[in-house]
Amino acid sequence: MTKTATAWETVIGLEIHAELLTDAKIWCGCSTQFGNEQNTNVCPICLGLPGTLPVLNQKAVEYTIRAGLALGCEIAAFSKFDRKNYFYPDLPKAHQVSQDDQPFCVNGQVEFEIDGKTYRVGINRVHLEEEAGKSVHSGDNILGSEFTLIDYNRAGVPLIEIVTEPDIRSPEEARVFLENLRTILRYAGVSDCKMEEGSLRCDANISLRPRGSTEFGAKVEIKNMNSFRSVQRALEYEMLRQQEVLESGGVVQRETRHWDDAKGRTVAMRTKEEADDYRYFPDPDLPPVIVEREWVEAIRAELPELPQARRRRFVEEYGLPAYDASILTTEKSLADFYEATVAEFAEPKTVSNWIMGEVLRLLNETGRTPDDIPIEPNALAELLTLVKKGTIGANVGKEVLEEMFKSGKRAADIVKERGLEQISDTEQLKEIVAEVIAENPGPVQQYLGGKETVIKFLVGQVMKKTRGQANPTLANELLEAALKELS
Amino acid sequence: MSRISKEELAQVIYLAHIHVAEEEQEQLHRDLERLLDSASKVQEVDTTGVEPMYRPIPLHNVMRPDENRPSLAQEKVLQNAPEVQDGFFRVPRILD
Amino acid sequence: MKIHEMSARELASALTAGEVSAVEVTQAFFDRIDAVDDQVGAYLTLMRETALQQAEEADARRKRDDDVPPLLGVPIALKDNLCTNGVRTTCASKMLEQFVPPYDATVVTRLKEAGMPILGKTNMDEFALGSSTEYSALKKTRNPWNLERVPGGSSGGSAAAVSASLAPFALGTDTGGSIRQPAAYCGIVGMKPTYGLVSRFGLVAAAPSLDQIGTMTKDVADTALLLNVIAGYDPYDSTSVNREVPDYFASLETDVSTLRFGMPAEFFSADIHPEVRTAVESAIKRLEALGAEVVEVNLPHSTYALSAYYVIASGELSSSLGRYDGVRYGHRADVEGDVFTMFRHSRSEGFGPEVKRRILLGTYVLLSGNYRDYYLQAMKVRALIAKDFEQAFEQCDVIVAPAAANVAFPFDGVVDPAEMHALDLFTVPVNLAGLPAISLPCGLNSEGMPIGLQLIGPAFGEVQLLQAAYALEQEIGPLPKQPQLEVKSND
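Just so you know, the residues in each chain are numbered from 1, in the order the chain's sequence is written. Starting at A for chains and at 1 for ligands, labels are handed out in the order in which the entities are written. The model is predicted, so local features are restricted to residues of pLDDT at least 70 and side-chain atom pairs to those at 80 or more, both for listing and for counting; the totals for chains, interfaces and linings are taken over all residues. For side-chain calculations, the full set of non-hydrogen atoms in the structure is used, while hydrogens and water are omitted.

Student: Lay out the overall build of chain C in plain terms, naming residues and giving numbers.
Tutor: Along the backbone of chain C there are 16 helices and 11 strands. The size measure is the radius of gyration over C-alpha atoms, and the globule rule it meets is 2.2 Å times the number of residues to the 0.38 power. The C-alpha atoms of chain C give 21 Å as radius of gyration, which agrees with the globular expectation for 491 residues (23 Å, within 12%). In terms of principal-axis extent, the alpha carbons of chain C reach across some 65 × 55 × 45 Å. The buried share of chain C, reckoned over its 491 residues, is 70%. Any pair of residues with heavy atoms lying within 4.5 Å of one another is described as a contacting pair. Sequence separation of 24 or more characterises 76% of the internal contacts of chain C that already satisfy a separation of 6 or more. Charge counting treats Lys and Arg as positive and Asp and Glu as negative, with His and both chain ends excluded. Each charge is placed at NZ for Lys, CZ for Arg, CG for Asp and CD for Glu. Between the averaged position of the 41 positive side-chain charges in chain C and that of its 62 negative side-chain charges there is a distance of 4 Å. Put simply, DSSP H or I for four residues or longer makes a helix, DSSP E for two residues or longer makes a strand, and each gets a number counted from the N terminus. Three labels apply to residues, based on accessible area from a 1.4 Å probe with only protein chains included: buried if under 20% of the type maximum, exposed if over 50%, partly exposed otherwise in between.

Student: Can you explain the overall build of chain A? Please cite residues and give values.
Tutor: Counting its regular elements, chain A contains 15 helices and 17 strands. Against the globule reference of 23 Å for 487 residues, chain A gives a C-alpha radius of gyration of 30 Å, more extended than a compact globule. By its C-alpha atoms, chain A is 95 × 55 × 50 Å across when sized along the principal axes. For chain A, with 487 residues in total, the buried portion stands at 53%. Across chain A, every contact between residues at least 6 apart in sequence was considered, and the portion connecting residues at least 24 apart equals 70%. Per-residue and other accessible areas follow the Shrake-Rupley method at a 1.4 Å probe size, with only the shown protein chains counted as cover for residues. Of the accessible surface of chain A, which amounts to about 21700 Å², a share of 48% is contributed by carbon and sulfur atoms. Looking at chain A, you have 58 positive and 79 negative side-chain charges, and the mean spots of the two groups are 3 Å apart.

Student: Got a sec to walk through the environment of Phe267(C)? Specific residues and values, please.
Tutor: All names here are of chain C. Position of Phe267 among the secondary structure elements: in helix α8 (residues 265-268). We classify Phe267 as buried; its relative accessible area is 3%. C-alpha separation for the pair Phe267 and Asp334, spaced 67 residues apart in sequence, amounts to 49 Å. In this view, Phe267 contacts Ile272, Leu299, Ser302, Ala401, Phe426, Pro429 and Ile456; residues no more than four positions away in its chain are not counted.

Student: Describe the environment of Pro151(C), and please don't skip the residues or the numbers.
Tutor: Residues and elements named next belong to chain C. Considering the arrangement of structural elements, one finds Pro151 in the loop between β3 (118-122) and α5 (156-163). Distance from Pro151 to Leu166, taken between C-alpha atoms, is 14 Å for residues 15 residues apart in sequence. Setting aside chain neighbours within four positions, we find Pro151 in contact with Ser132, Thr133, Thr141, Arg142, Asn143, Gly156, Ala160, Pro182, Tyr185 and Cys186.

Student: Quick one: what's the story with the pairing of strand β6 (residues 212-217) of chain C, residue by residue and with numbers?
Tutor: Residues and elements named next belong to chain C. Within β6, six of the six residues are buried, leaving the element largely enclosed by the surrounding structure. Here β6 shows a buried face lined by Gln212, Gly214 and Met216 and a second buried face lined by Ile213, Thr215 and Thr217. Relative to β6, strand β4 (residues 169-174) is paired through six bridges, and the arrangement is antiparallel. In the sheet register, Ala170 faces β6, and the bridge partner there is Met216. Bridging between strand β5 (residues 189-192) and β6 involves three bridges; their strand directions are antiparallel. Two strands are counted as paired when DSSP detects at least two bridges linking them.

Student: Which residues make up the packing of helix α4 (residues 106-113) of chain C against helix α7 (residues 220-230) of chain C, and what values do they have?
Tutor: Residues and elements named next belong to chain C. Where helices are involved, their axes are fitted lines through C-alpha atoms of the stretch in contact, as for all axes, and angles between N-to-C directions lie from 0 to 180°. In the contact formed by α4 and α7, the axes pass within 8 Å of each other and the chain directions differ by 110 degrees. Between α4 and α7, the crossing angle belongs to the class labelled roughly perpendicular. Residues Val107, Arg110 and Leu111 of α4 touch α7, and the partners they reach there are Leu226, Val229 and Ile230. Residue classes follow a fixed rule: Ala, Val, Leu, Ile, Met, Phe, Trp, Tyr, Cys and Pro count as nonpolar, while Asp, Glu, Lys and Arg count as charged, and any other residue, Gly among them, counts as polar. Looking at the contact of α4 with α7 residue by residue, the classes come out as five nonpolar, no polar and one charged. Each angle is binned into one of four classes, with values under 35 degrees roughly parallel, values over 145 roughly antiparallel, values of 65 to 115 roughly perpendicular, and all other values oblique.

Student: Hey, could you go over the interface of chain C and chain A for me, with residue numbers and the actual values?
Tutor: Often the size quoted for an interface is simply the accessible area lost on bringing the parts together. Each side of the interface is counted separately: chain C has 38 residues, and chain A has 31 residues. A 1.4 Å probe defines the accessible area here, and the buried area is the portion of it lost by two parts on being joined, summed over both. Together chain C and chain A conceal approximately 2700 Å² of surface at their shared face, both sides included; 63% is due to carbon and sulfur atoms. Looking at the side of chain C facing chain A, the largest losses of area belong to Ser238(C), Arg323(C) and Arg328(C), adding up to 23% of the total buried there. Take a side-chain nitrogen of Lys or Arg and a carboxyl oxygen of Asp or Glu: if they are within 4 Å of each other, that pair is a salt bridge. Our enumeration of links across chain C and chain A arrives at one salt bridge.

Student: A description of the interface of chain C and chain B should follow, citing residues and the corresponding values.
Tutor: Chain C puts 67 residues into the contact, and the matching count from chain B is 54 residues. For the pair chain C and chain B, the summed buried area comes to about 5300 Å², and 66% of that belongs to carbon and sulfur atoms. Counting the surface chain C buries against chain B, the share from its top three residues, Arg344(C), Leu360(C) and Tyr364(C), is 13%. On inspection of chain C and its partner chain B, the count reaches two salt bridges. Ionic pairing is found between Arg332(C) and Glu83(B), a salt bridge with its closest N-O pair at 2.8 Å. Nitrogen and oxygen atoms within 3.5 Å of one another constitute a polar contact, given that in protein one can donate a hydrogen and the other can accept it, and given that sequence-neighbouring residues count only through two side-chain atoms. Inspection of the region where chain C meets chain B yields 24 residue pairs in polar contact (both at pLDDT 80 or more). Here the side of chain C that touches chain B takes 12 residues from helix α13 (residues 372-395) of chain C, the largest share from any one element. Residue composition of the side of chain C that touches chain B, by class: 37 nonpolar, 19 polar and 11 charged.

Student: Any chance you could break down the sheet that holds strand β16 (residues 281-282) of chain A for me, citing the residues and the numbers?
Tutor: All names here are of chain A. Spatial ordering of the open sheet is given by β6-β5-β16, a layout of three strands whose pairing is antiparallel. Both edges of this open sheet fall to β6 (95-98) and β16, since each of them pairs with a single strand only. Relative to β16, strand β5 (residues 82-85) is paired through two bridges, and the arrangement is antiparallel. Paired with Asp82 across the strands is Pro282, a residue of β16.

Student: So what's going on with the packing of aromatic side chains? Which residues, and what values?
Tutor: Residues and elements named next belong to chain C. Aromatic rings from Phe, Tyr and Trp, taking only the six-membered ring of Trp, are treated as a pair when their centres fall within 6.5 Å; an angle between ring planes under 30 degrees marks them as stacked, one over 60 as edge-to-face, and anything in between as tilted. The final tally for this structure, using the stated rule, is 27 aromatic pairs over all chains. Where Phe201 meets Tyr236, the ring centres are 5.5 Å apart and the plane angle is 45 degrees; that geometry is what we call tilted. Here Tyr236 lies in the loop between α7 and β7 (260-264) and Phe201 lies in the loop between β5 and β6, a separation of 35 residues in the sequence. Here Phe201 falls in the buried class, since its relative accessible area comes to 8%. Through a chain of ring-to-ring contacts, the aromatic side chains of Phe99, Phe127, Tyr324, Tyr329 and Phe351 assemble into a single cluster. Ring-over charges, as used throughout, are those where CZ of Arg or NZ of Lys falls within 6 Å of the ring centre and within 35 degrees of the ring normal. One Lys or Arg, Lys140, reaches over the ring of Phe411 and ends 4.2 Å from the middle of that ring. Here Arg243 stacks its cationic end above the ring of Phe460, 4.2 Å away from the centre of that ring.

Student: Describe the side chain of Gln96(A), naming the residues involved and giving the relevant values.
Tutor: Residue and element names in this part refer to chain A. Secondary-structure assignment places Gln96 in strand β6. Using a relative accessible area of 8% as the deciding quantity, one classes Gln96 as buried. In this structure the side chain of Gln96 is engaged in a polar contact, spanning 2.9 Å, whose partner is the backbone oxygen of Glu130. Leave out the neighbours within four places in its chain, and Gln96 touches Asp82, Arg83, Lys84, Tyr86, Leu91, Glu129 and Glu130.

Student: Talk me through the sheet that holds strand β15 (residues 265-268) of chain A; I want residue IDs and the actual numbers.
Tutor: Pairing between sheet strands relies on hydrogen bonds along the backbone, with the strands arranged either parallel or antiparallel. Residue and element names in this part refer to chain A. In space, the nine strands of this open sheet follow the order β3-β7-β8-β11-β1-β12-β13-β14-β15, with mixed pairing throughout. Every other strand in the sheet has two partners, leaving β3 (74-75) and β15 as the edge strands with one partner each. Where strand β14 (residues 255-260) meets β15, four bridges bridge the pair, whose relative direction is antiparallel. Residue pairing across strands places Trp259 opposite Thr266, the latter belonging to β15. Here helix α1 (residues 58-70) sits on the sheet and contacts β3, β7 (105-114), β8 (117-130) and β11 (158-164); the angle it forms with β8, its principal contact strand, is near 165 degrees.

Student: Describe helix α1 (residues 8-16) of chain C, with residues and values.
Tutor: Residues and elements named next belong to chain C. Listed in full, the buried residues belonging to α1 are Ala8, Leu11, Ala12, Ala14 and Leu15. Relative to the axis of α1, the buried residues are bounded by an arc of 165 degrees and lie together on one face. Buried positions along α1 lie against α2 (22-40), α3 (48-64), β4 and α7. Positive backbone phi, at 80 degrees, marks Gly18, one or two positions downstream of α1. Note that the arc is computed from the directions linking the helix axis to the C-beta atoms.

Okay, structure coming up:
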């Protein structure tokens with residue numbers, strides 16, 4: 001950081017859009033499935049054909065309230081839908097049905113930690129609206145393209161917009177907040193939050209102000225950040241850009257800038273000659289929603305334990321280090337897998353080590369997510385039991401796990417089929433020990449001369465001869481005994 | 001008295017996305033003034049404490065279950081489109 | 001009596017008795033259309049083939065089934081803002097001249113289920129904005145009573161079709177009087193039901209909080225029969241009301257002497273043509289003669305109804321008509337430049353001048369800086385108007401008023417758009433309050449033009465409203481004559 005960096009305080013607020021995991025769209029029965037052929041999940045309603053009318057999907061409301069509860073929001077007793085009017089080719093009705101002044105959820109907060117320090121970001125509101133279609137630009141991007149192709153498959157997918165308070169003070173905080181938000185929404189089961197598929201999107205408002213000031217500087221809106229990393233990078237770039245402008249005596253323009261990930265910079269977007277005016281008004285086609293307390297409580301009852309609480313419980317109940325707890329709880333499915341395994345194999349730290357080490361490595365290598373771990377928790381517990389009993393060694397255990405991932409077979413079957421049991425037969429090992437001593441006179445002499453660490457080499461030779469199946473503890477004992485006889 | 005300035009007229013034309021030829025603007029301006037004369041009569045009413053009535057029959061919580069229904073065949077989706085390409089709606093470039 | 005001169009009820013009886021077939025009836029109307037519609041210009045699109053096919057199916061169904069719907073085989077005409085699967089639905093706009101919906105409006109589905117052949121789509125003011133059908137971008141419709149006069153609007157094509165016996169009855173839509181006023185101008189019965197009684201799904205929106213589909217018929221009995229078909233809850237319209245629908249036809253007869261009629265002082269002190277006033281007042285005297293009580297009621301905020309209507313209807317319209325951008329359907333301008341340039345020119349070319357004026361007015365009243373003073377204020381005035389009606393209905397069962405201040409006017413008779421809107425003086429407050437109302441003929445003026453009277457009921461008070469209308473119709477009797485059109489010979 002430059003010396004002057006401390007002279008400015010960065011103020012960041014985020015606007016996050018998350019698509020909800022309903023089966024049907026918000027106003028019609030079309031599928032919300034991602035990746036289908038263009039313009040096939042479309043009907044007269046989501047295409048905005050003349051004469052069509054919207055009917056609200058109840059689950060979209062419930063997921064919005066669920067998201068609000070997971071983010072610690074108050075749930076409004078009365079909520080309504082408004083039309084936000086603007087023209088864009090991906091917007092079938094030239095208005096987006098959204099919520100202007102009476103959103104479902106307000107006043108929440110998210111707490112998270114960076115390096116042991118706790119941060120809190122206020123949630124201003126969570127509201128429900130409809131997704132637009134998707135534009136495919138000819139050429140490389142929107143600039144300089146000759147024409148655009150529109151696919152309305154996404155049009156009408158329910159979408160929540162989450163607006164934070166301007167409580168974030170650094171680009172890193174912004175990224176970590178967003179990661180935590182993603183975890184919470186995934187726990188709540190309301191969105192799959194895939195930034196690469198666009199089901200989670202983030203725009204940021206960033207401004208700088210002299211440290212100690214309570215006024216806000218002119219804010220710049222950053223769009224087109226397509227990954228958690230790019231959110232941090234874009235904000236870092238923009239923070240330095242604004243700092244340079246301010247320090248050279250300039251004025252930061254209130255504007256919208258586009259993040260160019262390849263070039264690693266933000267670019268001003270063309271400003272329109274007149275200010276947009278969305279002409280919000282209550283949608284006459286959609287009656288308001290009254291949210292009774294019982295309904296809220298029923299939705300609250302469906303909420304699972306949220307990541308922060310679970311993290312704390314993992315530390316308290318299983319005695320895990322904070323680091324382990326935070327890794328294991330980033331995904332609900334991983335945490336569920338962990339707990340189910342511990343229920344069958346009651347060594348929490350051992351299970352944690354295997355999951356954080358081997359299971360995550362194998363998931364990564366096979367391009368899977370914790371949602372589709374190919375083995376059952378009790379299968380992992382069985383494997384760990386075999387290791388614990390000494391039927392197989394830890395290293396063989398790792399190979400067995402890999403095979404379990406590939407074939408889905410049980411650990412015991414793999415060990416049996418491939419003859420991987422440790423050699424714990426004293427007589428059989430005694431013969432091999434004798435061979436090793438005979439074949440390695442030099443090291444034997446060194447050992448007898450007092451250099452006792454050489455025994456490790458000799459154990460290694462035993463392991464080599466048995467292709468790793470010798471019980472190393474037993475091999476060590478037998479070697480020591482045989483060498484003692486020689487001295 | 002003018003209710004709508006030239007700038008406001010320009011903004012309204014811009015937002016409504018309707019091209020109005022230069023020579024038509026004056027007549028349009030006059031028409032809108034007259035319509036606004038009538039529209040602005042609502043402002044003479046004392047509505048202190050009156051709740052707005054956005055819809056004639058008060059309903060609430062009109063919702064449907066989260067169930068899929070068949071979509072249209074792609075050819076039906078596109079049948080009225082002025083320009084299509086490869087199953088997409090095609091439009092001129094978005095930015096100049 | 002010729003087939004085309006019969007009412008729907010008479011046709012239904014003849015069909016039930018086996019005196020005629022649905023195919024014969026449907027063909028008779030197409031013959032009539034071929035004979036006189038070039039003078040009237042009621043239809044934009046004829047559905048000859050499908051209508052005759054539907055008629056054949058109706059005949060087969062009657063042969064096959066013991067229990068058939070009452071209007072099986074009775075054909076109907078539809079205003080061209082009601083979507084018909086596979087048949088163009090234009091809203092009388094260049095914008096939608098080629099638009100073919102891939103779905104049926106709910107009312108269309110109901111008509112089809114009732115076995116009613118659809119004759120065709122009728123002309124209207126573009127996007128239902130207007131009171132004379134002169135704003136149709138596609139065709140001129142004339143009043144069958146006097147071809148030099150307008151049929152009224154916006155449902156002018158449906159009104160003219162029924163009046164000229166080009167259909168036994170028709171559906172129209174009413175946003176500010178668009179069924180009742182043309183019905184009055186054409187000497188037929190027009191009814192706008194309570195908001196939410198008939199599904200709007202498939203009705204191309206003008207102003208969604210005001211629009212309602214209704215009936216245009218030769219008499220009140222036909223209104224009741226047709227309302228029986230189209231009324232009822234629809235899960236595809238969130239503003240549709242889920243309540244039991246009575247049999248309006250079965251409950252038509254009543255003793256009017258038990259009813260109290262209210263005359264709004266504000267309506268009768270308005271500028272009403274003396275002949276219209278006389279006709280309406282003499283109808284009221286007939287009610288009194290039948291023993292009904294007639295009281296004066298007040299609708300003090302009704303003088304602001306037109307103003308509130310302008311603001312609300314235009315505001316909603318500006319948003320509802322945003323979708324016509326030349327991307328998914330509708331007119332696209334052939335113009336160089338980016339997509340927004342294409343939008344601007346497509347909308348400029350596709351919409352007529354009145355539609356554009358109203359979109360611009362609506363855009364203005366919704367601007368964030370104007371919203372409070374115009375749109376929100378209008379919604380509050382609307383609440384006051386609705387409350388006026390509520391209070392009036394504490395003193396009476398049915399409100400009686402003129403349907404329009406005068407009879408149908410000559411073409412180009414009204415040039416000022418603001419004055420044109422003033423024609424809806426007695427009808428607009430009803431839409432703002434969402435109430436049911438019916439207009440029925442109550443005489444001819446000295447020029448031989450029909451005069452319309454309007455009855456207004458409380459929300460979902462259709463049964464009583466139709467009873468009152470039916471009794472009054474019986475008392476007034478049929479108009480002394482019907483429109484005389486020259487029938488072309490086929491030789």
